[in-house]
Amino acid sequence: MELTPETLLQAYRMGVFPMAESRDDPRLHWFDPVARGVLPLDGFRMSRSLRRRIRAEPFRLSLDQAFEAVLTGCAERESTWINSEIARLFTILHRQGHAHSIEVWEGEELVGGVYGLGLGGAFCGESMFSRRRDASKVALAYLVTHLRNCGYTLFDTQYPTEHLASLGGVEISRVAYRARLAHALQADAAFDRAPLPSAYDVVQFMTQTS
């Protein structure tokens, strides 16, 4: 039986998410990690070099302007859990207004981005990619600021990783995650509530919360 976008949304509301074993694996497997990764929206860790990079504004950023291209960029790596079924479902969810992306441009070339799923005041980050130095970190810094501006209270990163930990990500238990998720689902948030922040706004926000 074909998985529907509505079923996928319900799974995320329960704290469960799908992944494929590989790009060519047509099956989806469901995950509910004992240790969950989250990125506190007031705890993003911005290095001095990243702060300088954002102030220099080497990139142009946009919201929901090239969702499918960002998803494709995230899947274009040697090993990926993004198969054609996940791409199909998230493309539909984007068209329905549930899935979102931030794009990073160098001129007219897409050089980085991040995408995820918005549910109430929870944002479930799926993946990010970079074709230029710091492009994905810049996208993440903008995303954290944007989520705060739009009323979100939870940024789920699924699994804790060393890379996310270096940016302020933390590990919490499944029980703690579900409690935070239940609270966030009741929050009044919308990804299009505020415009994308400026470089100045991002740096100021990170300075105030660090």
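What counts as what
Residues numbered from 1 in each chain as written. Predicted model: local features only at pLDDT ≥ 70, side-chain atom pairs only at ≥ 80, totals over all residues. Heavy atoms only, no water. Helix = DSSP H or I, 4+ residues; strand = E, 2+ residues; numbered from the N terminus. Rg over C-alpha atoms; globule rule 2.2 N^0.38 Å. Buried < 20%, exposed > 50% of the residue type's maximum accessible area, 1.4 Å probe, protein only. Contact = heavy atoms within 4.5 Å. Areas by Shrake-Rupley, 256 points an atom, 1.4 Å probe, with all protein chains shown as cover. Lys, Arg positive; Asp, Glu negative; His and termini not counted. Charge placed at Lys NZ, Arg CZ, Asp CG, Glu CD. Pairing = 2+ DSSP bridges. Axes fitted to C-alpha atoms, helices over the stretch in contact; angles between N-to-C directions. Salt bridge = Lys/Arg side-chain N within 4 Å of Asp/Glu carboxyl O. Polar contact = N/O pair within 3.5 Å; in protein donor to acceptor, adjacent residues only side chain to side chain.

A closer look at the overall build of the protein
- In terms of regular secondary structure, the protein is built from eight helices and nine strands.
- For 210 residues, the compact-globule formula gives about 17 Å, and the C-alpha radius of gyration of the protein, at 16 Å, lands near that figure.
- Referenced to the eigenvectors of the C-alpha coordinate spread, the extents of the protein come out at roughly 50 × 35 × 30 Å.
- Burial status across the protein gives 53% buried among its 210 residues.
- Sequence-distant contacts, at least 24 apart, represent 76% of the contacts inside the protein between residues at least 6 apart.
- Of the accessible surface of the protein, which amounts to about 10,100 Å², a share of 49% is contributed by carbon and sulfur atoms.
- When the 23 basic and 25 acidic side-chain charges of the protein are each reduced to a single mean position, those positions are 7 Å apart.

Some thoughts on unusual backbone geometry
- In this structure, Glu-57 takes a positive phi of about 50° despite not being glycine.
- Note on placement: Glu-57 falls in the loop between α2 (48–56) and β4 (60–63).
- The class for Glu-57 is exposed, based on a relative accessible area of 54%.
- Located in the positive-phi region is Asp-134, a residue other than glycine, with phi close to 70°.
- Tracing the backbone shows Asp-134 in the loop between β7 (122–130) and α5 (135–149).
- Residue classification places Asp-134 among the buried residues on the basis of a relative accessible area of 16%.

Observations concerning the sheet that holds strand β5 (residues 99–106)
- Strand order in the open sheet formed by seven strands is β4-β5-β6-β7-β8-β3-β9, and the pairing between neighbours is mixed. Here the strands that pair on one side only, and so sit at the sheet edges, are β4 and β9 (170–173). Strand-to-strand, the axes of this sheet are offset by a mean angle of 35°, without reference to chain direction.
- Examined bridge by bridge, strand β6 (residues 109–119) and β7 share eight bridges and lie antiparallel to one another. Paired with Leu-117 across the two strands is Cys-124, which belongs to β7.

Describing the pattern of salt bridges
- Under the criterion given, the structure shown has twelve salt bridges.
- Close ionic contact of Arg-174 with Asp-32 constitutes a salt bridge, the shortest N to O distance being 3.6 Å. With Arg-174 in helix α7 (residues 174–185) and Asp-32 in the loop between β2 (29–31) and β3 (35–38), the pair connects residues that are 142 residues apart, well separated along the chain.
- By relative accessible area, which is 30% here, Arg-174 ends up partly exposed.
- The partner of Asp-134 in a salt bridge is Arg-53, with the nearest N and O atoms 3.6 Å apart. With Asp-134 in the loop between β7 and α5 and Arg-53 in helix α2, this residue pair connects regions lying 81 residues apart in the sequence.
- The structure contains a network of salt bridges with shared partners spanning Asp-32, Arg-174 and Arg-178.

Quick look at the pairing of β3
- As paired elements, β3 and β9 share four bridges and run antiparallel to each other. Its bridge partner lying in β9, Ala-35 is registered against Ser-173.
- In this structure, β3 lies alongside strand β8 (residues 154–158), joined through two bridges in antiparallel fashion. Counterpart to Val-38 in the pairing with β8 is Asp-156.

Comments concerning the side chain of Glu-126
- Summarising the element assignment, Glu-126 is placed in strand β7.
- A polar side-chain atom of Glu-126 sits 2.8 Å from a polar atom in the side chain of Tyr-12.
- The contact partners of Glu-126, leaving out residues within four places of it in the chain, are Tyr-12, Trp-81, Phe-90, Tyr-115, Gly-116 and Gln-158.

With respect to the environment of Arg-95
- Its location among the elements puts Arg-95 in helix α4 (residues 84–95).
- Given the relative accessible area of 62%, Arg-95 is considered exposed.
- With 74 residues separating them along the chain, Arg-95 and Gly-169 place their C-alpha atoms 29 Å apart.

So, to be careful, I would describe these as geometric facts and stop short of saying anything about function.
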